[in-house]
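# Examining the three-dimensional arrangement
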Amino acid sequence: MPSPALLLNLALDLFSGQRQPRVVEPALVMDDPASAQAFMLAGREDGILAHTYLYHAIQASAVIAPGATVLDLGCGPANQLAFIARLNPDARFIGLDAADAMLDLGRETLARNAITNTRLCAGDMTALHGFDDGSVDAVVSTMSLHHLGSLEALSKTLCEARRVLKPGGGIYLVDFGRLRRQASQAFFATENAARQPKLFTEDYYNSLRAAFSLDELRAAAAVFGAATRIRRTFLVPFLVAIRSTASQPLRPATVAAARAIHAALSPRQQYELRDLSRFFGHGGFPLAFKPW
């Protein structure tokens, strides 16, 4: 069950008359090697975010057809991408990121997880040079849109995603939504501060401050027309998903892989996965398959 503090912050944000401005992310400086290492481990596929990776991997899998070519925008160190690739071994994945350092970490992630159906490449998601019109079967992106510097960049990114997507292709784009209260942003960033590195908490807070509003995301997603719908978490848009209206039952290989990953999670991570599923589910976006 959600904690009383969480419920209180949801209610306060829901009824708040405040409207926080968007604050573009500052550069995150990691001068201390120990802090940088802790930050990296927290974000690894076996770190404190494992339950969120599994959640989004299951949801994304419902828009990935057998044998599909899938483009991941802003793949970063490929932690999330590795989960999706494991659940869809018959698909081919392309992870795109603008930062060479992230791509280097991504290659380490893929090698560590023995992922062979994925390649990574450098590129700008606002201008997908090298990708022809209608050249991919699905486009996914998880927690990357808030890194964009402006509303114009968001619009360009979604227009490019629409351009390279085949007619009827799958879409799963999910990111933070901008909360109304700065106190709510601080609450979510620090709720688990005791279990996460200080730099991780700082980056989390900056990400929430840099999130686009629900209205801004809805306006940018209009480029997809009736092919997508926008879903958000219960009561407030802590997370917002732009997802294809059409989905398909998960394949046996996907179900088996999801169950295996879930079984390897700690009891706390399994509980947090259920919590996240309820948080989105009460907002009208049920989990495509429950691995428990």
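About the thresholds
Residues numbered from 1 in each chain as written. Predicted model: local features only at pLDDT ≥ 70, side-chain atom pairs only at ≥ 80, totals over all residues. Heavy atoms only, no water. Pairing = 2+ DSSP bridges. Helix = DSSP H or I, 4+ residues; strand = E, 2+ residues; numbered from the N terminus. Axes fitted to C-alpha atoms, helices over the stretch in contact; angles between N-to-C directions. Buried < 20%, exposed > 50% of the residue type's maximum accessible area, 1.4 Å probe, protein only. Polar contact = N/O pair within 3.5 Å; in protein donor to acceptor, adjacent residues only side chain to side chain. Contact = heavy atoms within 4.5 Å. UniProt positions renumbered as here; feature names shortened; annotations may be inferred. Parallel < 35°, antiparallel > 145°, perpendicular 65-115°, else oblique. Left-handed = near helix turned anticlockwise from the far one by under 90°. Nonpolar A, V, L, I, M, F, W, Y, C, P; charged D, E, K, R; others polar. Salt bridge = Lys/Arg side-chain N within 4 Å of Asp/Glu carboxyl O.

## A word on the sheet that holds strand S4 (residues 136-142)
Read from one edge to the other, the open sheet built from seven strands follows the order S3-S2-S1-S4-S5-S7-S6, with strand pairing classed as mixed. Whereas interior strands pair on both sides, the edge strands pair on one side only; in this sheet they are strand S3 (118-122) and strand S6 (228-232). Geometrically, the sheet is characterised by an average inter-axis angle of 20° between neighbouring strands, direction not taken into account. Relative to strand S7 (residues 239-244), strand S5 (residues 165-176) runs antiparallel, the two sharing five bridges. Looking at S7, one finds that phenylalanine 176 is bridged to leucine 239.

## Observations regarding the side chain of threonine 201
In this fold, threonine 201 is placed in helix H8 (residues 198-210). When its relative accessible area of 13% is taken as the criterion, threonine 201 is described as buried. A polar atom in the side chain of threonine 201 sits 2.9 Å from the side chain of glutamine 196. Setting aside its immediate chain neighbours within four residues, threonine 201 contacts Ala189, Thr190, Ala193 and Gln196.

## Points about the UniProt feature "domain: Methyltransferase" (unreviewed entry) in the chain
Those residues carrying the UniProt feature "domain: Methyltransferase" (unreviewed entry) are residues 70-169 in this numbering. Strand forms 27% of residues 70-169 and helix 36%; the C-alpha atoms that close the span are 10 Å apart.

## Focus: the packing of helix H3 (residues 50-61) against helix H11 (residues 267-281)
Contact geometry for H3 and H11: axes closest at 8 Å, N-to-C directions at 45°. The orientation of H3 relative to H11 falls into the category oblique. Crossing hand, H3 versus H11: right-handed. Residues Ala50, His51, Thr52, Leu54, Tyr55 and His56 of H3 lie in contact with H11, whose contacting residues are Gln269, Glu272, Leu273, Leu276, Ser277 and Phe280. When its residues are assigned to classes, the contact of H3 with H11 shows six nonpolar, five polar and one charged.

## Things to note about the pattern of salt bridges
With the rule as written, the count across this model stands at 13 salt bridges. We note a salt bridge from arginine 44 to aspartate 46, for which the minimum N-O separation is 2.7 Å. Of the residues examined, aspartate 46 reaches a relative accessible area of 52% and is grouped as exposed. Between glutamate 160 and arginine 163 there is a salt bridge whose closest N-O contact spans 2.9 Å. Of this pair, glutamate 160 and arginine 163 both sit in helix H6 (residues 151-164), three residues apart, roughly one helical turn. Note on glutamate 160: relative accessible area 15%, which makes it buried. Overlapping salt bridges bring together Asp133, Glu160 and Arg163 as one network.

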